[in-house]
Amino acid sequence: MKYITTVDGKEYLIEVVDEKHIRVGDRLLAVDFESVNGQPVFSVILDGKSYESFISESDEGWQVLMRGKQYQITVEDEREKRLRAAAGGGVAEGGEFNLKAPMPGLVVAIPVSEGQEIKKGQVLIILESMKMQNELKSPKDGIAERIRVKAGESVEQKQALLSVK
Amino acid sequence: MFKKVLIANRGEIAVRIIRACRELGLETVAVFSEVDRNALHVRYADEAYLLGPAPSRESYLRADKILDIAKKSGADAIHPGYGFLAEREDFAAKCADLGIAFIGPKPSSIAAMGDKGKARATVIKAGVPVVPGTEDVGNMTNEDLLKIAPTIGFPLLIKATAGGGGKGMREVKSIGEMPALLESARREAESAFGDGNVYLEKLVEGARHIEFQILADSHGNVIHLGERECSIQRRHQKLLEEAPSPFMDEELREKMGSVAVKSAQAVDYVNAGTIEFLVDKDKNFYFLEMNTRLQVEHPITEMITGVDIVAEQIRIARGRQLSYTQDQIKFNGHAIECRVNAEDPFNNFIPSTGRIAHSLLPTGPGVRVDTGVYPGFEITPYYDPMIAKLIVWGETRAQAILRMRRALEEYRIVGVRTNIPFHQTLMDSHRFMGGQFDTRFVEERFSMDTENASDPNVEIAAILATLVAHQQTERSARIFRPNERDTSNWKWVGRWERMHR
């Protein structure tokens, strides 16, 4: 299977030849790949060189954390890449901002009300977590809509809080 | 002489105190909230009692319940740790009333230093320099504060009178933004300390945050254990401390050390305490505040002096003399502490919660880890995000940095995001290596985004991601491989849907 893997705009052509070999560009490398203890920690020995990293999947692809650095990586096989190219880039901007709780916590205050005009940078919700109050701000001008939480309410991570249209 | 110590705290510091008690042959009593049933301090202590629901207000801040448990269990001493009830004079006073030894200062010293306004007034009288600000006791209205602000000059800081740890603190650049910042500072202070009073202080620019550890016994002996450099902060929260400070020289240490001792004497201080100073680039120093308790970062002082500060606290509370005179305190080598917080350094340091799935602690020469978590433990949003302190010692600062780099790389925590990568990036920063930083360094001149162009590991990361993605594709292909079932997949899906209607 051939993959096109992109890190910071740079593409790598990586082919998984068999269980023990991969081809990067035109170099054939011996690979020994293991997940450590069933955890999202992976150990790989590439031509005798040993590396370990923490890898998780995010909305934008894969996050690889290695030696104190985090790499945002997308991996596509050839078919996916062709499909995406055919679809053409640039999805239309929805123009609506949906504020989600970046962490679990307690809603301390909602200094805005529905229908209110919002300026970019204005505080929408104050969320307390781990003893710190965090001011969640609007990234754009707009109108506050669909406030789904109340002050004093506990929220889960990624829970929808309100929208700015 | 007391024999059984109740530890009115949780997490790594409760574990630290239990360890000291164990070594001294003292029995220990732990208290815990509903979510901390499986916490390490509960498992390590000789006895453990439930306090109440998770929120601090209903558990670790319930002085009445804690005192009841002390009576019930026969504990004749209480160590408050840091945070929670550590700097509450009423709690220390109640302990005294009940004949329980409070392992900390006298209520009157906590009162004198705990209220920052009073503390300033007290040390000014003793001839200690302070940062210009609203020196009188809190309780000023917003109107008064707005009136007085221009006479102090901008930028300035709004600080919580009852505060600590940067909570209720706001930086003000101009009078225009001040009303809103006053509101949010008061709100945060109210929720953190139950006291919304604030005061103003001039912001010393290019300042370093350097503090002195002092020890005082009830026989009138006061000594200092040198300084700790605490300038690496974010949102006024310390992230890394080191001792000695790369900025310090022998003359300045002597001068500041004697001022620290003088400040402690000004309030008749007994037990361990810390005097925090701001030091500007010309080595002028100002008294900032006194923490009348054990500090989070006390281990780095222990590493370079060999003094067990918690054991010394217990010795003092037992009415004995200090084990050391000032002349006997010698500094050996260099120590660094990194605070490991459950937060995502790649995502604006947002707190991260979850179950620790896997944890591998760094060990080896010169490495110490103080932590209260272990694999299987759940990090909840109720308490401080600090889950561990990684401390290293080296003969020189350079060796300590290299050792810290090595230890950070060894440290594996899976299940929550941690700021370990932040510390790793910091260890590689030339300014940090050169000792050139002030309290604004992290916020203004530091970035997690490093150049990938010359990074040889980019390709390795790409290969790893590809292998994981490939493994996932293979696995899902195996699950949905056609014709493995005796019926067609379409038929199977139809049946499955009917079943779930």
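Residues numbered from 1 in each chain as written. Chains lettered and ligands numbered in written order. Predicted model: local features only at pLDDT ≥ 70, side-chain atom pairs only at ≥ 80, totals over all residues. Heavy atoms only, no water.

A. Molecular detail of the overall build of chain A. Looking only at helices and strands, chain A features one helix and 16 strands. What you see for chain A is a C-alpha radius of gyration of 22 Å, clearly larger than the 15 Å of a compact globule of 165 residues, by over 25%. The C-alpha extent of chain A, read off along each of the three principal axes, is 60 × 40 × 20 Å. Considering chain A as a whole, with its 165 residues, one finds that 38% of them fall into the buried category. (Helix = DSSP H or I, 4+ residues; strand = E, 2+ residues; numbered from the N terminus. Rg over C-alpha atoms; globule rule 2.2 N^0.38 Å. Buried < 20%, exposed > 50% of the residue type's maximum accessible area, 1.4 Å probe, protein only.)

B. Just the domain arrangement of chain B, in detail. Residue and element names in this part refer to chain B. Under the domain assignment used here, chain B contains domain 1 (4-103), domain 2 (132-202) and domain 3 (208-444). Distance between the C-alpha centres of domain 1 and domain 3: 23 Å. Contact residues are listed per partner, giving 34 residues for domain 1 and 30 residues for domain 3. Between domain 1 and domain 3, a total of about 2,300 Å² is buried, with carbon and sulfur atoms accounting for 61% of that surface. The tally of links from domain 1 across to domain 3 stands at four salt bridges. Between Lys 389 and Glu 12 there is a salt bridge; the shortest N-O distance is 3.1 Å. (Domains from an automatic or database assignment. Contact = heavy atoms within 4.5 Å. Buried area = accessible area lost by both parts, 1.4 Å probe. Salt bridge = Lys/Arg side-chain N within 4 Å of Asp/Glu carboxyl O.)

C. Just the pattern of salt bridges, in detail. All names here are of chain B. Overall, the coordinates contain 43 salt bridges over all chains when judged by the stated rule. The residue Lys 238 makes a salt bridge to Glu 211 at a minimum N-O spacing of 3.1 Å. Taken together, the positions of Lys 238 in strand E11 (residues 237-243) and Glu 211 in strand E9 (residues 208-216) put the pair 27 residues apart, joining distant regions of the chain. Assessed through its relative accessible area of 13%, Lys 238 is described here as buried. Sharing partners across several salt bridges, the network here consists of Glu 211, Arg 228, Lys 238, Glu 241, Glu 276, Glu 297, Glu 337 and Arg 339.

D. Layout of helix H9 (residues 250-266) of chain B. Residue and element names in this part refer to chain B. Between its first and last C-alpha, H9 extends 24 Å over 17 residues, near the 24 Å set by a 1.5 Å rise per residue. Listed in full, the buried residues belonging to H9 are Leu 252, Arg 253, Met 256, Gly 257, Val 259, Ala 260, Val 261, Ser 263 and Ala 264. In this fold, the buried residues of H9 make contact with helix H5 (107-114), helix H6 (116-125), E9, strand E10 (222-234), strand E12 (271-279) and strand E13 (285-291). Backbone nitrogen of Glu 251 and a side-chain oxygen of the N-cap are separated by 3.1 Å at the start of H9; the cap is Asp 249. With its phi angle positive at about 60°, Asp 268 sits one or two positions after the end of H9. (Expected span 1.5 Å × (residues − 1). Polar contact = N/O pair within 3.5 Å; in protein donor to acceptor, adjacent residues only side chain to side chain.)

E. How the structure looks around the interface of chain A and chain B. Residue-level contacts link 53 residues of chain A with 50 residues of chain B. Surface buried jointly by chain A and chain B totals about 4,800 Å² across both partners, of which 65% is contributed by carbon and sulfur atoms. Considering only the side of chain A, the residues that lose the most area to chain B are A:Met130, A:Lys131 and A:Gln133, jointly responsible for 16% of the buried surface there. Viewed at the interface, chain B and chain A are joined by four salt bridges. Taking the shortest distance from any N to any O, the salt bridge between B:Asp455 and A:Lys69 comes out at 3.1 Å. In this structure, the connection of chain A to chain B is made through 15 residue pairs in polar contact (both at pLDDT 80 or more). Among the elements that line the side of chain A that touches chain B, the one with the most residues is strand E6 (residues 49-58) of chain A, at seven residues. Here the side of chain A that touches chain B is built from residues that sort into 33 nonpolar, 11 polar and nine charged. (Nonpolar A, V, L, I, M, F, W, Y, C, P; charged D, E, K, R; others polar.)

F. The arrangement of the nonpolar core in detail. Residue and element names in this part refer to chain B. Formed by 65 residues in total, the largest nonpolar core has its most connected members in Leu 6, Ile 78, Phe 91, Ile 232, Ile 379, Ile 387 and Met 427. Residues lining this core come from more than one domain, with at least three contributed by each of domain 1 (4-103) and domain 3 (208-444). Not counting chain neighbours up to four residues away, the residues in contact with Met 427 comprise Leu 240, Ile 336, Cys 338, Ile 401, Met 404, Arg 405, Leu 408, Phe 432 and Met 433. (Core = buried A, V, L, I, M, F, W, Y, C linked by side-chain atoms within 4.5 Å.)

G. Geometry of the sheet that holds strand E13 (residues 132-137) of chain A. Here four strands make up an open sheet; going across it, the order is E13-E12-E10-E15 (chain A) and the pairing antiparallel. The sheet is open, and its two edges are formed by E13 and strand E15 (154-155) of chain A, each paired on a single side. Pairing of strand E12 (residues 123-129) of chain A with E13(A) involves six bridges; the strand directions are antiparallel. Its bridge partner being in E13(A), A:Glu128 is matched across the sheet by A:Gln133. Contacting strand E10 (105-109), E12 and E13 of chain A, helix H8 (residues 178-193) of chain B crosses the sheet at an angle of about 140° to E13(A). (Pairing = 2+ DSSP bridges. Axes fitted to C-alpha atoms, helices over the stretch in contact; angles between N-to-C directions.)

H. Examining the side chain of B:Asn457 more closely. With respect to the helices and strands, B:Asn457 occurs in helix H16 (residues 457-479). Ignoring any residue separated from it by four or fewer positions in sequence, one finds B:Asn457 in contact with A:Tyr51, A:Met66, A:Arg67 and A:Tyr71.

I. Structural view of the pairing of strand E1 (residues 2-7) of chain A. Residues and elements named next belong to chain A. Taking burial as the measure, the six residues of E1 include five buried ones, the bulk of the element. As judged from the six bridges shared by E1 and strand E2 (residues 10-18), these two strands associate in the antiparallel manner. Paired with Tyr 3 across the strands is Ile 14, a residue of E2. Between the antiparallel neighbours E1 and E2 lie two residues, among them Asp 8 with a positive phi of about 50°.

J. Broad picture of the sheet that holds E6(A). Residue and element names in this part refer to chain A. Strand order in this closed barrel of eight strands is E1-E2-E3-E4-E5-E6-E7-E8, and the pairing throughout is antiparallel. When the angles between neighbouring strand axes are averaged without regard to direction, this sheet yields 35°. As judged from the five bridges shared by E6 and strand E7 (residues 61-66), these two strands associate in the antiparallel manner. Bridged to Phe 54 within E7 is Leu 65.

K. Structural detail: unusual backbone geometry. All names here are of chain B. Here the amide bond leading from Phe 154 into Pro 155 is cis, since omega sits at -5°, within 30 degrees of zero. One can find Pro 155 in the loop between helix H7 (142-152) and strand E6 (156-160). With an omega dihedral of -5°, the bond running from Ala 243 to Pro 244 counts as a cis peptide bond. Along the chain, Pro 244 falls in the loop between E11 and H9. The phi torsion at Arg 235 lies on the positive side, around 50°, for a residue other than glycine. Inspection of the secondary structure puts Arg 235 in the loop between E10 and E11. The exposure class assigned to Arg 235 is partly exposed, which follows from its relative accessible area of 34%. One non-glycine residue, His 236, lies in positive phi territory at about 60°.

L. Seen up close, the packing of H5(B) against H6(B). Residue and element names in this part refer to chain B. Where H5 meets H6, the axes come as close as 5 Å, and the angle between the chain directions of the two elements is 95°. It follows that H5 is roughly perpendicular to H6 by the angle criterion. Judged by residue contacts, Ala 111, Ala 112, Met 113 and Gly 114 of H5 engage Lys 116, Lys 118, Ala 119, Thr 122 and Val 123 from H6. For the contact of H5 with H6, the residue count by class is five nonpolar, two polar and two charged. (Parallel < 35°, antiparallel > 145°, perpendicular 65-115°, else oblique.)

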